[in-house]
Amino acid sequence: MTFLPGLSQPAPPTTVVWNSAMTAYNFGPGHPMAPERMDLTARLARSLGLLDLPHVSVEAPEVASDDELETVHSPEFVAAVHRVSEDPASPDESRGLGTDDDPAFLGMHEAAARLAGGSLLAAAAVLDGSALHAVNFGGGLHHASRDRASGFCIYNDSALAIQRLLDGGIRRVAYIDVDAHHGDGTESIFWEDPRVLTISLHESGLTLFPGTGFANEIGGPQAEGSAVNVALPSGTGDAGWLRAFHAVVPQLIGAFAPEVIVSQHGCDSHRTDPLTHLNLSVDGQREAATAVGNLAARHCGNRWIATGGGGYNVMDVVPRSWSHLIAIAAGRPVPLRTPVPEDWRKYVDEKFGAATPGLMGDDVELWWRSWEVGFDPNDAVDRTVMATRKAVFPLHGLDPWFD
């Protein structure tokens, strides 16, 4: 453990998964899941000096093997991805391969399995102690289920990391998903596994894909309370989102007592994201990442694996939000009023002809009301929070009104 200059807190050994080969996950021009999201994030993180910190190791992922993929996916599904990958002209829409959301492309299997390998690498680093924190910002593909691709996601790397942790002797893992979309695939894979607590805060399925993730979805018969869903109203901003997070997540993490936290940090909750209807700022997203990191420090011996996820404002939002995630994981948070490095802004302007924000934050006034001030039945966010608390808190020995 090293100490950062000017800081008294030790800097956690941190693995960041990155290699330009990860941008081969490419559904084609015009698709929202643009591979430039990853490249621009890596470039911004490097310009900020985050990837050159002495306690940060940048590791290239291997392509996950079929045996590894089949720890959470069915052999039939993996075989189907291979077939479509080799012959994109023959889609398998029954398995979500070759749809508008997940267009088939040559090499799809290898590209998806490489991102999956990144989260397996992160899990291995945490298991062997070479890292306390690990970040795979190219991961977080949370809609993929055991037998089907969905919502831009072929293989579920977060689920693979969780399973690797369990197979490596970890007894309880908490998965926290802050993407604007419900983390349905990860939830479904561990629906019957009481060793895994999946918590998803997302825009309500009444207004957003995949149309699931309501408070009454609490896990299978042998694992009731292991799935937690906070379905936030369309238009929820920083204050409501952070109120909801702090009214649900810390209490459940404390009761569940996980040994590792795996988190998914889709940044499509931003107010300018073209696919969603939440109203967060980069400042709020940074605060969410900070809160997750603090929970890992408090409850998990500081063991934390963070992934990316959605986020479709490719130049203005994703690189800043995920660079903040890397910085927080590395124990070197970037102040919100830090200027965006000029070399990065110049690169984006020259390559894409796009102007980019001048600061690392959105310069908002960040605040939220603590749940302790009381439940407001006239507030839509509060009604959502109370529905979730009533559904799952008693299953963890918590009081939905007073804990």
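These remarks concern the structure in this document. (Residues numbered from 1 in each chain as written. Predicted model: local features only at pLDDT ≥ 70, side-chain atom pairs only at ≥ 80, totals over all residues. Heavy atoms only, no water.)

What follows is about the packing of helix 8 (residues 282-299) against helix 9 (residues 318-329). At a closest axis distance of 9 Å, the pairing of helix 8 and helix 9 adopts a crossing angle of 25 degrees. Between helix 8 and helix 9, the crossing angle belongs to the class labelled roughly parallel. The crossing of helix 8 and helix 9 is right-handed. Residues Val282, Gln285, Arg286, Ala289 and Thr290 of helix 8 pack against Arg320, Ser321, His324, Leu325 and Ile328 of helix 9. Of the residues assigned to the contact of helix 8 with helix 9, the class counts are four nonpolar, four polar and two charged. (Axes fitted to C-alpha atoms, helices over the stretch in contact; angles between N-to-C directions. Helix = DSSP H or I, 4+ residues; strand = E, 2+ residues; numbered from the N terminus. Parallel < 35°, antiparallel > 145°, perpendicular 65-115°, else oblique. Left-handed = near helix turned anticlockwise from the far one by under 90°. Contact = heavy atoms within 4.5 Å. Nonpolar A, V, L, I, M, F, W, Y, C, P; charged D, E, K, R; others polar.)

A few words now on the pattern of salt bridges. Applying the stated criterion to the full structure yields eleven salt bridges. The closest approach of N and O atoms between Arg114 and Glu110, which form a salt bridge, is 3.0 Å. Here Arg114 pairs with Glu110, and both are found in helix 4 (residues 108-128), just four residues apart, close to one helical turn. Residue Glu110 is classed as partly exposed on the basis of its relative accessible area, which comes to 44%. A salt bridge links Asp382 to Arg243; the nearest nitrogen and oxygen atoms lie 2.8 Å apart. Here Arg243 lies in helix 7 (residues 238-256) and Asp382 lies in helix 11 (residues 380-392), a separation of 139 residues in the sequence. Summarising the burial analysis for this pair, Asp382 and Arg243 share the class buried. (Salt bridge = Lys/Arg side-chain N within 4 Å of Asp/Glu carboxyl O. Buried < 20%, exposed > 50% of the residue type's maximum accessible area, 1.4 Å probe, protein only.)

Once that is clear, we can look at the packing of aromatic side chains. Under the defined criterion, the tally for this structure stands at nine aromatic pairs. Note on Phe152 and Tyr312: the rings are 5.6 Å apart at their centroids and 85 degrees apart in plane angle, and the pair reads as edge-to-face. Of this pair, Phe152 sits in the loop between strand 5 (133-136) and helix 5 (157-167) while Tyr312 sits in the loop between strand 10 (304-307) and helix 9; the two residues are 160 residues apart in sequence, bridging distant segments of the chain. For the pair Phe152 and Tyr312, a shared accessibility class is recorded, and that class is buried. Ring geometry for Trp241 versus Phe245: centroids 5.6 Å apart, planes at 20 degrees, classification stacked. Within this pair, Trp241 and its partner Phe245 are both found in helix 7, separated by four residues, close to a single helical turn. Given a relative accessible area of 0%, Phe245 falls into the buried group. In this structure an aromatic cluster arises from ring pairing among Trp18, Phe137 and Trp322. A cation over an aromatic ring shows up here: Arg43 above the ring of Tyr347, its NZ or CZ 4.1 Å from the ring centre. Positioned above the aromatic ring of Phe352, the side-chain terminus of Lys351 is 5.7 Å from the ring centre. (Phe/Tyr/Trp six-rings, centres within 6.5 Å; stacked < 30°, edge-to-face > 60°. Lys NZ or Arg CZ within 6 Å of the ring centre and 35° of its normal.)

On to the nonpolar core. Membership of the largest hydrophobic core comes to 122 residues, with the highest contact counts inside it found for Ile154, Tyr155 and Ile261. Residues contacting Ile261, with those up to four places away along its chain left out, are Ala174, Ile176, Ile253, Val292, Leu295, Ala296, Cys300, Arg303, Trp304 and Ile305. (Core = buried A, V, L, I, M, F, W, Y, C linked by side-chain atoms within 4.5 Å.)

Time to look at the side chain of Glu187. For Glu187, the location among the structural elements is in helix 6 (residues 184-189). Buried within the structure, Glu187 lacks any salt-bridge partner; Arg148 is the closest side chain of opposite charge, at an N-O distance of 15 Å. There is a polar contact of 2.8 Å between the side chain of Glu187 and the side chain of Asn229. Discounting chain neighbours no more than four positions away, the residues touching Glu187 are His182, Thr198, Glu217, Ala227 and Asn229. (Lys, Arg positive; Asp, Glu negative; His and termini not counted. Polar contact = N/O pair within 3.5 Å; in protein donor to acceptor, adjacent residues only side chain to side chain.)

Let us now look at unusual backbone geometry. Across the junction of Phe209 and Pro210, the peptide omega takes the value 5 degrees, indicating a cis bond. The topology assignment puts Pro210 in the loop between strand 7 (196-203) and strand 8 (227-232).

Across the five residues of strand 6 (residues 173-177), five count as buried, placing the element largely inside the fold. Burial along strand 6 is two-sided: the face carrying Val173, Tyr175 and Asp177 and the face carrying Ala174 and Ile176 are both buried. For strand 6 and strand 7, the ladder comprises five bridges, and the chain directions are parallel. If you follow Ile176 over to strand 7, its bridge partner there is Ile199. Direction of pairing for strand 6 relative to strand 9 (residues 260-264): parallel, over a ladder of five bridges. Within the sheet, the bridge partner assigned to Tyr175 lies in strand 9 and is Val262. (Pairing = 2+ DSSP bridges.)

With respect to topology, eight strands assemble into an open sheet ordered 4-3-5-10-9-6-7-8, the strand pairing being parallel. Two strands in the sheet have a free side with no partner beyond their single neighbour: strand 4 (56-59) and strand 8. Between one strand axis and the next, the sheet turns by 15 degrees as a mean value, whatever way the strands run. Examined bridge by bridge, strand 3 (residues 14-17) and strand 5 share three bridges and lie parallel to one another. By the bridge assignment, Val16 is partnered in strand 5 with Val135. In the packing of helix 7 onto the sheet, the strands contacted are strand 6, strand 7, strand 8 and strand 9, and the crossing angle to strand 7 comes to about 175 degrees.

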